[in-house]
Amino acid sequence: NDVNVKIIGSPDNPTQTIIDGGENDCVVKINGGQSELAELSGFTLRNGATDGRGGGGIYSTNRSRPTLRNLIITNCFGTRGGGILCWDSNARIENVTLTENTAQAHGGGICLMGTSGAILSNIISSNNTAETGDGGGIASFSSRNVSIRGGLVSENSTRRSGGGLYSQGQQINVSDMVLRD
C-alpha cells in the first residue's frame, strides 16, 4: 500500500515474460494508494481465477491509480472483470490485449466499478465472455466518466446486454475504436 513500484518485464514483447496465476487467485492485485507512478508493463498474465470480489488477471482497487501498459491478459476468470477489474481505481490502461477471459457476471475483458475514472488507450478486447451479466468486452458501472481512445473490441459475448461495450454508469467517451461482432 502507498508504494509506487515499477515492475517492468519485456515492454516490446510481453510474450517473453509470463506470470501464471495457476488458477489460484487474481494474478496481480493493486490495493490502494498507488499513483500513476506505479507501473506494470511488459508481461503476459494468464490463468488467474477468483470467485470472490476481484478480477482474474488484475484487480486494482482502493483509490489506486496505476499505469498498466504493454500487457497481454489471457485465460483468466473473475466474478467481475475476467481480465481486469477496477473498483474505485483510476487506472491508466494502455496497449493492453485481453483475450479469452471470462467473468461470471460483468466485463469479460474489463469491468469498471464504483468511482473508477479509468483511461483506456489502444485496448484490444476479443473473445471474452460475461457469462450471466453485461459487457462481454468492456463493462462500466462507474459513477465517474470513462475515456476509451483507440483499439478494437471484437467477438466478445454476453448473456445479457452489450456484447462489446456496456455502460450503466456515467458517460463513456469513445473515439477511434472499432466495435464489431
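These remarks concern the structure in this document. (Residues numbered from 1 in each chain as written. Predicted model: local features only at pLDDT ≥ 70, side-chain atom pairs only at ≥ 80, totals over all residues. Heavy atoms only, no water.)

1. Thoughts on the layout of surface pockets
If you roll a probe as big as a water molecule over the atoms, it shows you where there is empty space left.
Reasoning step 1: The space that makes up the largest pocket amounts to roughly 170 Å³.
Reasoning step 2: Taken together, V3, V5, I7, V28, K29, I30, N31, Q34, A38, E39, L40 and P66 make up the full set of residues lining the largest pocket.
Reasoning step 3: Looking at the lining of the largest pocket, the elements with two or more residues in it are β3 (28-31) and β4 (39-46).
Reasoning step 4: Looking at the lining of the largest pocket, the element that brings in the most residues is β3, giving four residues. (1 Å grid on protein atoms, 1.4 Å probe; cavity = no way out; pocket = protein on both sides within 12 Å on 5 of 7 lines; lining within 4 Å. Points joined across faces, edges and corners; volume = space filled by probe spheres on them. Helix = DSSP H or I, 4+ residues; strand = E, 2+ residues; numbered from the N terminus.)

2. Focus on the side chain of S35
Reasoning step 1: Along the chain, the position of S35 falls in the loop between β3 and β4.
Reasoning step 2: For S35, a relative accessible area of 9% gives the class buried.
Reasoning step 3: Setting aside its immediate chain neighbours within four residues, S35 contacts N4, R65 and P66. (Buried < 20%, exposed > 50% of the residue type's maximum accessible area, 1.4 Å probe, protein only. Contact = heavy atoms within 4.5 Å.)

3. Examining the sheet that holds strand β8 (residues 84-87)
Working definition: the strands of a sheet are paired by backbone hydrogen bonds and lie parallel or antiparallel to each other.
Reasoning step 1: Strand order in the open sheet made by the six strands is β3-β5-β8-β11-β14-β17, with parallel pairing throughout. Two strands lie at the open edges of the sheet, namely β3 and β17 (165-167), each paired on one side alone. Neighbour-to-neighbour, the strand axes of the sheet open up by a mean angle of 5 degrees, direction not taken into account.
Reasoning step 2: Sheet topology note: the strand β5 (residues 58-61)/β8 ladder contains four bridges and is parallel. The residue bridging Y59 from the neighbouring strand is L85, located in β8. (Pairing = 2+ DSSP bridges. Axes fitted to C-alpha atoms, helices over the stretch in contact; angles between N-to-C directions.)

4. Quick notes on the nonpolar core
Reasoning step 1: Within the largest apolar cluster, 28 residues are counted, with the highest numbers of intra-cluster contacts made by I58, I84, I93 and L120.
Reasoning step 2: Setting aside anything within four residues of it in sequence, one finds I84 in contact with I58, I73, I93, V96, L98, G109, I110 and C111.
Reasoning step 3: One finds C26, Y59, C111 and A139 within the second-largest nonpolar core, a separate group that totals nine residues. (Core = buried A, V, L, I, M, F, W, Y, C linked by side-chain atoms within 4.5 Å.)

5. Let's talk about the packing of aromatic side chains
Reasoning step 1: All told, the structure shown has one aromatic pair when counted by the stated rule.
Reasoning step 2: Between F141 and Y166, the aromatic rings sit 5.6 Å apart at their centres with planes inclined by 45 degrees, giving tilted as the arrangement. Here F141, found in the loop between β14 (138-140) and β15 (146-154), pairs with Y166, found in strand β17; they are 25 residues apart in sequence, far enough to count as distant. Across the pair, Y166 and F141 agree in class, each one buried. (Phe/Tyr/Trp six-rings, centres within 6.5 Å; stacked < 30°, edge-to-face > 60°.)

6. A short note on the environment of N4
Reasoning step 1: With respect to the helices and strands, the residue N4 is situated in the segment before β1 (6-8).
Reasoning step 2: With 138 residues separating them in the primary sequence, N4 and S142 have C-alpha atoms 24 Å apart.
Reasoning step 3: Sequence-distant contacts of N4, that is, excluding residues within four places in its chain, are made with Q34, S35, L37 and A38.
Reasoning step 4: Only 2.8 Å separates the side chain of N4 from the backbone nitrogen of S35, close enough to count as a polar contact. (Polar contact = N/O pair within 3.5 Å; in protein donor to acceptor, adjacent residues only side chain to side chain.)

Spatial relationships are all this shows, so hold off on functional conclusions.
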